Amino acid sequence: MREFEGKTAVVTGAASGLGLAFARRFAAEGMNVVLADIEEDALDVQVQLLQQEERSVLGVVVNTMRREMLEKLRHRTIAEFGNIHILCNNAGVSGLDDAGFDDDGEVRGPWDVPESTWNWVMGVNFWGVLFGCQVFIPHMLEHGEAGHVVNTGSLAGLVPSGGAYGVSKHGVLALTEGIYQSFEAMGANLSASVLCPGSVDTNLARAERNRPSEFGDQVELSAAAHEGLLAMLSDGMDPEQVAELVFDAIVEQRCYILPHSSLDDFVRGRVEHVLARGAPVTLDFEEIMRCRAAGEQV
């Protein structure tokens, strides 16, 4: 896809972080941009700011776990702007009671993660992406104009990561690869990318604020653990830098978007362990943090 002015993009999770950066990047190209998010107040603020910049935007409150809300988003977008050309399935969450380590430093395995957390994280991160593809891609195929689908995955989808978050992102990776291959086989005027970043300066650590009550009580970490998580993310790559890489991938029709090239060796190590038919590679998170701090902006 090389022509953007006057075309239309839909971005979920667009009230902050990566989604907002995508929306602003597309708007800068003269696109009509529909920002969708579950947080109405934050969404209204960002839409108003873009409108003050005389951007052609629309804000729609959407829970991506509900297919019918995505269908209404599609209908409203078409009614407002016509054909949809770019779809960014970007909304995502991370449960603070996911696998890894608890506040006391004890190992928490995937079997320890509450079913409610599995349902919430998989619901947003995987089913929300799948629903978005099911709802929007048929329309994009039907109108036949050049377009692109971007699904937000994670580095966690490329390395051993057995909690709800990692499993959901492995699913997004496999789904996007299948979509890309299907477009190629069909000769469609569409392509697809999966974004697999490491640490990015977003609100992911605050995802519990949007945890619906039917998926259990909101989880709180100790003050020290929460501050550490916030510090790690705030130290991450700027969302605007990632948005630029995403835009380039759309132009070049590249499937894989890995912003943190300094972490390539960790991905390569995982593949080598698979081919060796041995045990999964053990990730040294301190080493990952050192690599990220040293060279993630490449």
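Please refer to the structure higher up on the page.
Right, let's walk through the structure included here. (Residues numbered from 1 in each chain as written. Predicted model: local features only at pLDDT ≥ 70, side-chain atom pairs only at ≥ 80, totals over all residues. Heavy atoms only, no water.)

Considering the state of the cysteines
And step 1. Taken as a whole and judged by the stated rule, the model has zero disulfides.
And step 2. With no disulfide partner, Cys 255 has as its closest neighbouring cysteine sulfur the one in Cys 196, 8.6 Å distant.
And step 3. Overall, the relative accessible area of 10% leaves Cys 255 in the buried class. (Disulfide = S-S within 2.5 Å. Buried < 20%, exposed > 50% of the residue type's maximum accessible area, 1.4 Å probe, protein only.)

Some thoughts on the packing of helix H1 (residues 17-28) against helix H7 (residues 239-252)
And step 1. Contact pair H1 / H7: the axes reach a minimum separation of 8 Å and the direction vectors enclose 55°. On the basis of their axis angle, the class for H1 and H7 is oblique. Here H1 runs over H7; the crossing is right-handed. For the pair H1 and H7, the contacting residues are Gly 17, Leu 18, Ala 21, Phe 22, Arg 25 and Phe 26 in the first and Pro 239, Glu 240, Val 242, Ala 243, Glu 244, Val 246, Phe 247 and Ile 250 in the second.
And step 2. Per-class residue counts for the contact of H1 with H7 are 10 nonpolar, one polar and three charged. (Axes fitted to C-alpha atoms, helices over the stretch in contact; angles between N-to-C directions. Helix = DSSP H or I, 4+ residues; strand = E, 2+ residues; numbered from the N terminus. Parallel < 35°, antiparallel > 145°, perpendicular 65-115°, else oblique. Left-handed = near helix turned anticlockwise from the far one by under 90°. Contact = heavy atoms within 4.5 Å. Nonpolar A, V, L, I, M, F, W, Y, C, P; charged D, E, K, R; others polar.)

Some points on the pattern of salt bridges
It is possible for side chains of opposite charge to pair when their charged atoms get near one another.
And step 1. Summed over the entire model, instances satisfying the criterion amount to 12 salt bridges.
And step 2. Lys 7 is paired through a salt bridge with Glu 145; the nearest N and O atoms lie 3.9 Å apart. Remark: Glu 145 occurs in the loop between helix H4 (115-143) and strand S7 (147-152) and Lys 7 occurs in the segment before strand S1 (8-12); sequence separation between them is 138 residues.
And step 3. On the accessibility criterion, Lys 7 (22% relative accessible area) is partly exposed. (Salt bridge = Lys/Arg side-chain N within 4 Å of Asp/Glu carboxyl O.)

Read these as spatial facts, not as claims about activity.
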